[in-house]
Amino acid sequence: MWIQSQITLRPRARGFHLVTDEIVEGVPELGSLSVGIALVFMQHTSASLTLNENASPDVRRDFAAWFDRAVPDGAGYFTHTLEGDDDMPAHIKAALTDTSLVIPVRDGRLALGTWQGIYLCEHRDNGGARRLIVTAFGDE
Amino acid sequence: MWIQSQITLRPRARGFHLVTDEIVEGVPELGSLSVGIALVFMQHTSASLTLNENASPDVRRDFAAWFDRAVPDGAGYFTHTLEGDDDMPAHIKAALTDTSLVIPVRDGRLALGTWQGIYLCEHRDNGGARRLIVTAFGDE
Amino acid sequence: MWIQSQITLRPRARGFHLVTDEIVEGVPELGSLSVGIALVFMQHTSASLTLNENASPDVRRDFAAWFDRAVPDGAGYFTHTLEGDDDMPAHIKAALTDTSLVIPVRDGRLALGTWQGIYLCEHRDNGGARRLIVTAFGDE
């Protein structure tokens, strides 16, 4: 049994955002799989995904603090600057995190650990809405 | 044909550890798949996985050297410090490496390259046992 | 329906290279899948893959600029130096990017976003040919 849906995440501010519920609600058919896997795929190159701590907003703020230092806006060694100082860092940050998340499914649910949530990593100042494709399959 | 097992890795010291054999031995049913894929999924946010060089312990030591410099314990810009100076860096390091590994299966074995092994990346000083879910499927 | 093929990428210079077409042409059977997923897997530990911007060569040059600064050749804290100053950085850079890409398939094509392409990330000065395993499955 195959499930494939497009989900559009509403525009978010630059930073790291918890979006587990939005994704799960976008694929109610997951509930019919007793065992399987789900692929959450970001169709962009300046925003990305990752799985991380789902409880404290501090963690998501500290993600931004680290990534903004590691890949600084407007660094002198970047040549691809036409789309703004935040564009090339966005591409690098996307490569350092994930474009695809592959998550096991068990008993109709994503088999996440207790503290795991799905982050939207928005690396642009004005990224706009972001398109995901969720593909899942398994046994009923 | 679907396989889904939980594997608990015994507590390891902070650092990078080769765990290919433990994982393969935990899923003997892989031997019955002629073609397929295997998903190895870490249910934690302060430890992670990666595939890398399986021969030299120096490589794993140098991984720790680089990651500890790139994401320093107790950096002044971290605000999520309640769980210790190694906690927030652990979350970032987990995001830079992998929570999921997806590996092709061929003739009953993981189709790894000659020099590839699975690393447990333990980012906490006292991370304890770590829980993985291995999900595989394919044709017999 | 399962597809599994080995693709050998010809030797490339150190840097980031767009290889989407080579991969798609190596797996013509993808065209028969109406829905599914494709796993592109690198069987090496000093070269890797990532999905990123497919238009501007500047972006790929800037990737090299950032990664070469973040993980410097011959850094004093590396001990695994027998295979050259570019070897240990290659392993780290591979861990920071992807060994596996998992991409949704829809209507016989990889469901990539408009600006997404597959990069070969060649981290060695003389890496030679690189071996990939592409595994895909889905419904016809």
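Residues numbered from 1 in each chain as written. Chains lettered and ligands numbered in written order. Predicted model: local features only at pLDDT ≥ 70, side-chain atom pairs only at ≥ 80, totals over all residues. Heavy atoms only, no water.

Glancing now at the packing of aromatic side chains. Inspection of every chain in the model, using the stated rule, returns 27 aromatic pairs over all chains. Seen in terms of ring centroids, W2 of chain A and F137 of chain C are 5.8 Å apart; in terms of plane orientation they differ by 45 degrees. Their pairing is tilted. Taken together, the residues span two chains, with W2 of chain A in strand β1 (residues 2–9) and F137 of chain C in strand β8 (residues 130–139). An aromatic cluster is present here, built from W2 and F137 of chain A, W2 and F137 of chain B together with W2 and F137 of chain C joined pairwise through their rings. (Phe/Tyr/Trp six-rings, centres within 6.5 Å; stacked < 30°, edge-to-face > 60°. Helix = DSSP H or I, 4+ residues; strand = E, 2+ residues; numbered from the N terminus.)

All right, on to the sheet that holds strand β7 (residues 116–122) of chain B then. Residue and element names in this part refer to chain B. Read from one edge of the open sheet, 3 strands run β2-β7-β4, paired in antiparallel fashion. Each of the sheet's edge strands pairs with one partner strand only, and the pair in question is β2 (15–18) and β4 (47–53). Strand-to-strand, the axes of this sheet are offset by a mean angle of 35 degrees, without reference to chain direction. Inspection of the sheet shows β4 paired to β7 by 7 bridges, in the antiparallel sense. Counted as the bridge partner of N52 is G117 from β7. Set on the sheet, helix α2 (residues 57–70) makes contact with β2, β4 and β7; between it and β2 the angle comes to about 155 degrees. (Pairing = 2+ DSSP bridges. Axes fitted to C-alpha atoms, helices over the stretch in contact; angles between N-to-C directions. Contact = heavy atoms within 4.5 Å.)

All right, on to the interface of chain C and chain A then. The interface is formed by 32 residues belonging to chain C together with 28 residues belonging to chain A. Regarding the contact of chain C and chain A, the summed buried area is about 2,500 Å², with carbon and sulfur atoms giving 64% of it. For the pair chain C and chain A, the interface holds 0 salt bridges. Linking chain C with chain A are 10 residue pairs in polar contact (both at pLDDT 80 or more), by the criterion used here. (Buried area = accessible area lost by both parts, 1.4 Å probe. Salt bridge = Lys/Arg side-chain N within 4 Å of Asp/Glu carboxyl O. Polar contact = N/O pair within 3.5 Å; in protein donor to acceptor, adjacent residues only side chain to side chain.)

Another aspect to go through is helix α3 (residues 87–96) of chain B. Owing to its 3.6 residues per turn, the α-helix aligns residues three or four sequence positions apart on the same side. In terms of residue burial, α3 of chain B counts as a mostly covered element, since 10 of its 10 residues are buried. Within α3 of chain B, burial applies to D87, M88, P89, A90, H91, I92, K93, A94, A95 and L96 of chain B. The elements touched by buried residues of α3 of chain B are β4 (47–53), α2 (57–70) and α3 (87–96) of chain A, β4 and α2 of chain B together with α3 (87–96) of chain C. (Buried < 20%, exposed > 50% of the residue type's maximum accessible area, 1.4 Å probe, protein only.)

Looking now at the relation of the copies chain C and chain A. When chain C is fitted to chain A, the residual RMSD is 0.0 Å, and the transformation amounts to a turn of 120 degrees plus an axial shift of 0.0 Å. A rotation of that kind, with that shift, is consistent with a three-fold axis. Looking at the rotation axis and the C-alpha trace of chain C, the residue lying nearest is L96 of chain C, at 3.2 Å. (Least-squares fit on C-alpha atoms with pLDDT ≥ 70 in both.)

Once that is clear, we can look at the domain arrangement of chain A. All names here are of chain A. Each domain of chain A was delimited in the assignment, giving domain 1 (22–50 + 99–105 + 134–140) and domain 2 (54–96). Here the C-alpha centroids of domain 1 and domain 2 sit 25 Å apart. Taken residue by residue, the interface counts 4 residues in domain 1 and 4 residues in domain 2. A buried area of about 350 Å², summed over both sides, lies between domain 1 and domain 2, and 55% of it is on carbon and sulfur atoms. (Domains from an automatic or database assignment.)

Taking strand neighbours across the sheet as the criterion, the 5 strands line up as β1-β8-β3-β5-β6 (chain C) in an open arrangement whose pairing is antiparallel. On the outer flanks of this sheet lie β1 (2–9) and β6 (109–110) of chain C, each paired with one strand and no other.

To continue, consider the pattern of salt bridges. Residue and element names in this part refer to chain C. Under the defined criterion, the tally for this structure stands at 27 salt bridges over all chains. Between D68 and R14 there is a salt bridge, with the nearest N and O atoms lying 3.0 Å from each other. With D68 in helix α2 (residues 57–70) and R14 in the loop between β1 and β2 (15–18), this residue pair connects regions lying 54 residues apart in the sequence. Of the residues examined, D68 reaches a relative accessible area of 32% and is grouped as partly exposed.

Here we take up the interface of chain B and chain C. With 32 residues of chain B in contact, the opposing surface of chain C contributes 28 residues. Interface area, chain B with chain C, both sides summed: about 2,600 Å², of which 64% is carbon and sulfur. Summed over the shared surface of chain B and chain C, the result is 0 salt bridges. If you look at where chain B meets chain C, you find 11 residue pairs in polar contact (both at pLDDT 80 or more). Elements with a minimum of two residues in the side of chain B that touches chain C: β3 (35–42), β4, α2, β5 (100–106) and β8 (130–139) of chain B. The class makeup of the residues in the side of chain B that touches chain C is 17 nonpolar, 8 polar and 7 charged. (Nonpolar A, V, L, I, M, F, W, Y, C, P; charged D, E, K, R; others polar.)

Right, let's get into the nonpolar core. One finds I37 and I118 of chain A, I37 and I118 of chain B together with I118 of chain C to be the most contacted residues of the largest nonpolar core, which totals 91 residues. Aside from chain neighbours lying at most four places away, what touches I118 of chain A is H17, L18, V19, T20, I23, L49, T50, L51, L101, I103 and L110 of chain A. Within the second largest apolar cluster, 43 residues are counted, among which are F63, V71, I92 and C121 of chain A. (Core = buried A, V, L, I, M, F, W, Y, C linked by side-chain atoms within 4.5 Å.)

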